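# Descriptive structure summary
Chain by chain, the residues run as shown.
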Amino acid sequence: MTNVDLVKQAYSHFSTGNVPGVLALFDSAMEWHECKGMPFVKGEGVFTGPEAVVTNVFMHLPVFFDGFNISVSEIFGADDKVVMVGYYQGTNIATGNSFKANATHVWTVKNGKLSRFFQAVDTATINN
């Protein structure tokens, strides 16, 4: 499986709610960089390990957003880096406003596992 295929599989699992499938693709020392502007992020937004990602990111999504989903426009890669370009959609529960926010993710693949995630997202649109 190529690095691009691995990342595509992660998004496929996420889109169907298969969190165990997503986590199975993570390195045990996964380094996750969530945007500080996301409403649930405290501090730097850096989490280490799959359980930290579940606790500090995944579990917050349904608390803050209704119908949250990621629409992938393209995925491409070179060497150990894979980039996803797309957008987030959903409704901000606190404001009641729906959103469609540009999002880009940069993944690092190491030894066939997802080892690092960096998120760039239009949090102003999400928090509106």
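Numbering of residues starts from 1 in every chain and runs along the sequence as written. Totals for whole chains, interfaces and linings use all residues, but because this is a predicted model, local features are given only for residues with pLDDT of at least 70 and pairs of side-chain atoms are given and counted only at 80 or more. Hydrogens and waters are ignored; side-chain quantities use all the structure's heavy atoms.

Further remarks concern the pairing of strand 5 (residues 98-110). For a regular strand, the rule is simple: side chains alternate between the two faces of the sheet. Two strands pair under a simple rule: DSSP has to find at least two bridges between them. Strands here are runs of E lasting at least two residues and helices are runs of H or I lasting at least four, both read from the DSSP assignment and numbered beginning at the N terminus. The sheet contact formed by strand 4 (residues 81-92) and strand 5 spans eleven bridges and is antiparallel. Pairing of Val85 across the sheet is with Thr104, part of strand 5. Linking strand 4 to strand 5, which pair antiparallel, is a turn of five residues; within it Gly96 sits at a positive phi near 80°. Across eight bridges, the pairing between strand 5 and strand 6 (residues 113-121) is antiparallel. When the bridges of strand 6 are listed, His105 appears paired with Gln119. Counting the residues that bridge the hairpin from strand 5 to strand 6 gives two residues, and of these Asn111 lies at a positive phi of roughly 55°.

We call Phe, Tyr and Trp rings a pair once their centres come within 6.5 Å, taking the six-membered ring for Trp, and we label the pair stacked below 30 degrees between planes, edge-to-face above 60, and tilted otherwise. Scanning the entire structure with this criterion turns up twelve aromatic pairs. When the centroid spacing of 5.7 Å and the interplanar angle of 90° are considered together, the rings of Trp32 and Phe58 count as edge-to-face. Here the residue Trp32 occupies a position in strand 1 (residues 26-33), and Phe58 occupies one in the loop between helix 3 (50-56) and helix 4 (61-64), the gap between them amounting to 26 residues. Joined through ring pairs, the aromatic side chains of Tyr11, Phe14, Phe26, Trp32, Phe58, Trp107 and Phe117 make up one cluster. Only lysine NZ and arginine CZ atoms are considered, and such an atom sits over a ring when it is within 6 Å of the ring centre and within 35 degrees of the ring normal. One Lys or Arg, Lys100, reaches over the ring of Tyr87 and ends 4.2 Å from the middle of that ring.

Turning our eyes to something else, we now look at the nonpolar core. Most often, soluble globular proteins keep nonpolar side chains buried together rather than apart. Counting residues in hydrophobic clusters, the biggest one holds 37 residues, and the most contacted among them are Phe26, Trp32, Met38, Phe58, Trp107 and Leu114. Contributing elements (two or more residues each) for this core: helix 1 (3-15), helix 2 (19-24), strand 1, helix 3, strand 3 (65-78), strand 4, strand 5 and strand 6. Discounting chain neighbours no more than four positions away, the residues touching Met38 are Phe65, Tyr88, Gln119, Val121, Thr123 and Ile126. Residue types Ala, Val, Leu, Ile, Met, Phe, Trp, Tyr and Cys, when buried and joined through side-chain atoms within 4.5 Å, form a set referred to as a nonpolar core. Exposed residues in this analysis have more than 50% of their type's maximum accessible area, buried residues have under 20%, and partly exposed residues fall in between, with area computed by a 1.4 Å probe over protein chains only. Whether two residues are in contact is decided by their heavy atoms, any of which lying within 4.5 Å being enough.

Attention now moves to the pattern of salt bridges. Whenever a carboxyl oxygen of Asp or Glu lies within 4 Å of a side-chain nitrogen of Lys or Arg, that contact is scored as a salt bridge. For the structure shown, the criterion picks out two salt bridges. Note that Glu31 and Arg116 form a salt bridge whose closest N and O atoms lie 3.2 Å from each other. With Glu31 in strand 1 and Arg116 in strand 6, this pair connects stretches of sequence that are 85 residues apart. Accessibility expressed as a relative area gives 31% for Glu31, which makes it partly exposed.

Attention now goes to the pairing of strand 1. Pairing between strand 1 and strand 6: four bridges, direction parallel. Among the inter-strand pairings, His33 is bridged to a residue of strand 6, identified as Phe118. Note: strand 1 against strand 2 (residues 46-48), three bridges, orientation antiparallel. When the bridges of strand 2 are listed, His33 appears paired with Val46.

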